[in-house]
Amino acid sequence: MKLVLATRNLGKVKELTAMLSPDGQRHNIQLLSLQDFPDAPEVVEDGETYQENAAKKAVVIADYTGLRTLADDAGIEVDALDGAPGVHSKRWAGDDATDAIRVQKLLEALEGKTNRTARFVAAIAIVEPIGVENPSCNRVQVVVGKCEGHITHAPAGDSGFGYDPIFVPVGYEKTFAELGDAIKNRISHRSEALRLALKLL
């Protein structure tokens, strides 16, 4: 079975591939990404929820490729910021912001605040291409995973991507970026969502 990962984010591709298996062949799944479809359309993530964004991306790419597609949308929710940046995590610091700029903006927003609890949330959508055996009414399935933790006062670690250098998951004393891929891929929001998604596959 071929499965398209609807992302151009190489960090996500690496993470999802590692979660599925080192060679991408476990569960009889052959993984592809948008690197394999350079002319695939850009999808504007304008949904109000992670679920809406994940489903929209997966539908567009499934229709373009004609293949079963997996898309995700994720963000970090900080309690002291009333859940921000949330679904806007990627664009919170501007469309062209780097991970370092996003991290710095979040740390600045938390200056002087004692409550630093937060969580990562990920929605994963599995979408079947339209076809005789795939009625459109049953083609979209979405699951959600979460990982609770807190925000540090300074970045630490150099693995992962996004807000990983400032997020410490519950039960650990190091950030996702310090814990490394093996541990993160076992306990993260995306791994929880992916375990649920695999049951759909």
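Preceding this section is the structure that the text describes.
In this report, the structure presented in the accompanying data block is examined. Note that the structure is a prediction, hence the values are computed from the model and not measured. (Residues numbered from 1 in each chain as written. Predicted model: local features only at pLDDT ≥ 70, side-chain atom pairs only at ≥ 80, totals over all residues. Heavy atoms only, no water.)

## A closer look at the layout of surface pockets
Logical step 1: In this structure, the largest pocket occupies an estimated 810 Å³ of space.
Logical step 2: The wall of the largest pocket is formed by 33 residues, among which Thr7, Asn9, Lys12, Glu45 and Lys90 lie closest to the centre.
Logical step 3: Listing elements by their share of the lining of the largest pocket, those giving two or more residues are α1 (10–20), α2 (50–65), β3 (69–78), α3 (99–109) and α6 (189–200).
Logical step 4: Sort the elements by how many residues they give to the lining of the largest pocket and β3 lands first, with four residues.
Logical step 5: Residues that form the lining of the largest pocket fall into these classes: twelve nonpolar, seven polar and 14 charged. (1 Å grid on protein atoms, 1.4 Å probe; cavity = no way out; pocket = protein on both sides within 12 Å on 5 of 7 lines; lining within 4 Å. Points joined across faces, edges and corners; volume = space filled by probe spheres on them. Helix = DSSP H or I, 4+ residues; strand = E, 2+ residues; numbered from the N terminus. Nonpolar A, V, L, I, M, F, W, Y, C, P; charged D, E, K, R; others polar.)

## Describing unusual backbone geometry
Logical step 1: Residue Pro85 is bonded to the preceding Ala84 through a cis peptide linkage, with omega at 0°.
Logical step 2: Examined against the element boundaries, Pro85 turns out to sit in the loop between β3 and α3.
Logical step 3: Even without a glycine there, the phi angle at Asp82 is positive, about 55°.
Logical step 4: Within the element layout of this structure, Asp82 appears in the loop between β3 and α3.
Logical step 5: When its relative accessible area of 78% is taken as the criterion, Asp82 is described as exposed. (Buried < 20%, exposed > 50% of the residue type's maximum accessible area, 1.4 Å probe, protein only.)

## Remarks on the nonpolar core
Logical step 1: By size, the foremost hydrophobic cluster in this structure holds 18 residues, and its most contacted members are Val4 and Ile61.
Logical step 2: Only α2 and β4 (117–127) provide two or more residues apiece to this core.
Logical step 3: In terms of residue count, α2 provides more of this core than any other element does, six residues in total.
Logical step 4: By size, the runner-up hydrophobic cluster in this structure holds 16 residues, among which are Phe120, Cys147, Phe167 and Leu179. (Core = buried A, V, L, I, M, F, W, Y, C linked by side-chain atoms within 4.5 Å.)

## Some thoughts on α2
Logical step 1: For α2, with 16 residues, the first-to-last C-alpha span of 22 Å sits near the 22 Å given by 1.5 Å per residue.
Logical step 2: Buried within α2 are the following residues: Tyr50, Asn53, Ala54, Ala55, Lys57, Ala58, Ile61, Ala62 and Thr65.
Logical step 3: Against β1 (2–5), α1, β3, β4 and β5 (140–151) lie the buried residues of α2.
Logical step 4: Positive backbone phi, at 75°, marks Gly66, one or two positions downstream of α2. (Expected span 1.5 Å × (residues − 1). Contact = heavy atoms within 4.5 Å.)

## Focus: the pairing of β1
Logical step 1: In this structure, β1 lies alongside strand β2 (residues 30–33), joined through four bridges in parallel fashion. Opposite Lys2, over in β2, you have Gln30 as the bridge partner.
Logical step 2: As paired elements, β1 and β3 share two bridges and run parallel to each other. Bridge pairing links Val4 to Thr69 in β3. (Pairing = 2+ DSSP bridges.)

These figures come from the coordinates and say nothing about function on their own.
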